Amino acid sequence: MSSKSAHKRTREASHAGSWYEGRPERLASELDAYLSKVPDTLDGVNLPVPGARVIIAPHAGYSYSGPCAAWAYKALDLSGAKRVFLLGPSHKYYTETCALSTFSSYETPFGNLAVDTALCDELRKTGDFSNIPAHREIEEHCLEMHAPYLWKRLEQTHGGKSDSFPPIVPIIVGVLNETEEKKYGDILAPYLQDAGNVFIISSDFCHWGRNYSYAPQYIDGKLRNPYGHSSAQCDLSHVDLGFQDVSVPPLHEIIKRLDEMAMNAVEAGNHGDFHRLISKTKNTVCGSHPIGVIMAALEALSGERLADGKGKFKFIQYQRSGLVVDKKDYSVSYASAFAVL
């Protein structure tokens, strides 16, 4: 598809009125309430955190993940934002590339956010990006769920002049191996280095339950059968969850420990270690590939271009949709983090 024909109409807010409030006044009140419950300071630093241009935040319905996402968005520094990259996983179609939006704007109940079509075309010219099929982009929720929160924080930062809001760059990150994540990280690293660019990484954490095809059993002190039934054997006995007590821990504690392992790996900042941990535990972190790409980009900027410990994620909130106590239960985990550049 040529660059002239790649950009179409406005992408409708297809999940407004179901996954989140579609009436702007009520949505504004809801987001304000979530944000107001986040402290104004973290570790003695006023929010937003100066230089926090990268966040990881969840993308479930706001009644589930909205309170957790508020922590990332209140920490996000949009004061110098000239462009906002949105990276998320595909829930609606399979791809082994990173894919770019073909729309010219994203609708929210508050108004439309412009897509930086010129930057999308620039990335297309690398030959490494595909296009998100338009109908799949409309169906996909992982990027849309961030648009109202982004609008709210831009409004708080820059006032109500929405025509001056920075454009967005929506990117779906497909199923990538470690080398491919590094390739896309290298492509995005120069944009990450630019102080005018902000990156929002869309991801939930552990999806637990047989409806998510992930329900490991804890047997004889070892984690086994990640798919929850013996007909799909996969030995996870090499995964050490670190429990000292020989008794079987509650399932929600197993979930928490798996998520903590993933979050610790992200905070440690080694892209390869994180990728291998997810492969090892099979943890259903749906945005593991977008997280991997941004970690690879941060690694590409390490050294002289990122001094004073910058470029490392810090997790500031962890929540779950419920506490699993029975193997028939299910839950989704949510986490918020930021990185200062």
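Residues numbered from 1 in each chain as written. Predicted model: local features only at pLDDT ≥ 70, side-chain atom pairs only at ≥ 80, totals over all residues. Heavy atoms only, no water.

What should I look at first to understand the overall build of the protein in this one?
Scanning the protein from terminus to terminus reveals 10 helices and 17 strands. The C-alpha atoms of the protein give 20 Å as radius of gyration, which agrees with the globular expectation for 341 residues (20 Å, within 12%). Counting only C-alpha atoms and orienting by the principal axes, one finds that the protein spans roughly 60 × 45 × 45 Å. A buried classification covers 54% of the 341 residues belonging to the protein. In the protein, the share of contacts with a sequence separation of at least 24, taken over all contacts with a separation of at least 6, comes to 78%. Distance between charge centres in the protein, computed from 35 positive and 40 negative side chains, equals 1 Å. (Helix = DSSP H or I, 4+ residues; strand = E, 2+ residues; numbered from the N terminus. Rg over C-alpha atoms; globule rule 2.2 N^0.38 Å. Buried < 20%, exposed > 50% of the residue type's maximum accessible area, 1.4 Å probe, protein only. Contact = heavy atoms within 4.5 Å. Lys, Arg positive; Asp, Glu negative; His and termini not counted. Charge placed at Lys NZ, Arg CZ, Asp CG, Glu CD.)

Explain the confidence of the model for the protein here, please?
When pLDDT is averaged along the protein, the result is 92; 93% of the residues meet or exceed 70. When the criterion is pLDDT under 50, residues 1-5 qualifies, and its contacts beyond four places in sequence or with other chains add up to 3 contacts. (pLDDT = per-residue confidence, 0-100.)

Got a minute to help me understand the sheet that holds strand β7 (residues 103-108) in this structure?
Each strand in a sheet pairs with its neighbour through backbone hydrogen bonds, running either in the same direction (parallel) or in the opposite one (antiparallel). Ordered in space as β1-β7-β8, the 3 strands form an open sheet in which the pairing is mixed. Looking at the sheet topology across the chains shown, the edges are occupied by β1 (8-11) and β8 (111-114). Going across the sheet, the axis of each strand differs from the next one's by a mean of 25°, ignoring polarity. In terms of strand pairing, β1 meets β7 through 3 bridges, oriented parallel. If you follow Lys 8 over to β7, its bridge partner there is Phe 103. (Pairing = 2+ DSSP bridges. Axes fitted to C-alpha atoms, helices over the stretch in contact; angles between N-to-C directions.)

What should I look at first to understand the pattern of salt bridges in this one?
Close approach of charged atoms lets side chains of opposite charge pair. Per the counting criterion, the structure on display carries 14 salt bridges. Its salt-bridge partner being Lys 152, residue Glu 155 comes within 4.0 Å of it at the nearest N-O pair. Here Glu 155 and its partner Lys 152 are both found in helix α6 (residues 147-158), 3 residues apart, which amounts to about one turn of the helix. With relative accessibility at 33%, the residue Glu 155 sits in the partly exposed group. In this structure, Asp 273 and Arg 276 form a salt bridge, with 2.9 Å as the shortest nitrogen-oxygen distance. Linking Asp 273 with Arg 276, this pair stays in helix α9 (residues 271-281), spanning 3 residues, or about one helical turn. For Asp 273, a relative accessible area of 41% corresponds to the partly exposed category. You can call Arg 276 partly exposed: its relative accessible area is 43%. Salt bridges here are not isolated pairs; linked through shared partners, they connect Asp 32, Lys 152 and Glu 155. (Salt bridge = Lys/Arg side-chain N within 4 Å of Asp/Glu carboxyl O.)

Whenever I open this one, the state of the cysteines confuses me. Can you help?
Covalently bonding the sulfur atom of one cysteine to the sulfur atom of another cysteine gives a disulfide. All chains considered together, the criterion is met by 0 disulfides. Cys 120 forms no disulfide, and the closest cysteine sulfur to it belongs to Cys 98, at a distance of 12 Å. (Disulfide = S-S within 2.5 Å.)

Got a minute to help me understand α6 in this structure?
Every α-helix carries 3.6 residues per turn, so stepping three or four residues along brings you back to the same face. Taking 1.5 Å of rise per residue, the 12 residues of α6 would be expected to cover 16 Å, and the 16 Å separating its terminal C-alpha atoms lies within 8% of that figure. Looking only at α6, the buried set comprises Ala 147, Pro 148, Tyr 149, Leu 150, Trp 151, Lys 152, Arg 153 and Leu 154. Trailing α6 by a residue or two, Gly 159 shows a phi angle of about 85°, which is positive. (Expected span 1.5 Å × (residues − 1).)

So what exactly am I meant to see when it comes to the packing of aromatic side chains here?
Aromatic ring pairs are defined here through the distance separating the ring centres and the angle between the ring planes. Taken as a whole and assessed by the stated rule, the structure comprises 11 aromatic pairs. Aromatic side chains Phe 205 and Phe 315 sit 5.8 Å apart centroid to centroid with 90° between the ring planes, which places their arrangement in the edge-to-face category. Separated by 110 residues along the polypeptide, Phe 205 in the loop between β11 (197-202) and β12 (207-208) and Phe 315 in strand β16 (residues 313-320) bring together distant segments of the chain. Residue class for Phe 205 comes out buried when judged on its relative accessible area of 0%. Connected via pairs of aromatic rings, a cluster forms that spans Tyr 20, Tyr 62, Tyr 73 and Tyr 149. (Phe/Tyr/Trp six-rings, centres within 6.5 Å; stacked < 30°, edge-to-face > 60°.)

I keep staring at the packing of helix α3 (residues 62-75) against α6 and nothing clicks. Help me out?
The geometry of a pair of packed helices is captured by two quantities: the angle between their axes and the separation between those axes. Here α3 crosses α6 at 40°, and the two axes come no closer than 11 Å. On the basis of their axis angle, the class for α3 and α6 is oblique. For the crossing formed where α3 meets α6, the hand is right-handed. Facing α3, whose interface residues are Tyr 62, Gly 66, Ala 69, Ala 70, Tyr 73 and Lys 74, α6 presents Pro 148, Tyr 149, Leu 150 and Arg 153. Among the residues forming the contact of α3 with α6, the class breakdown is 7 nonpolar, 1 polar and 2 charged. (Parallel < 35°, antiparallel > 145°, perpendicular 65-115°, else oblique. Left-handed = near helix turned anticlockwise from the far one by under 90°. Nonpolar A, V, L, I, M, F, W, Y, C, P; charged D, E, K, R; others polar.)

In this structure, what is going on with the environment of Asn 197? I would like to understand it.
Among the structural elements, Asn 197 can be located in strand β11. Judged by its relative accessible area of 0%, Asn 197 is buried. Separated by 133 residues in the primary sequence, Asn 197 and Tyr 64 have C-alpha atoms spaced 29 Å apart. When neighbours within four sequence positions are excluded, Asn 197 is seen to be in contact with Arg 53, Arg 83, Phe 85 and Tyr 191. One polar contact links Asn 197 to Arg 83, side chain to side chain, over a distance of 2.8 Å. (Polar contact = N/O pair within 3.5 Å; in protein donor to acceptor, adjacent residues only side chain to side chain.)

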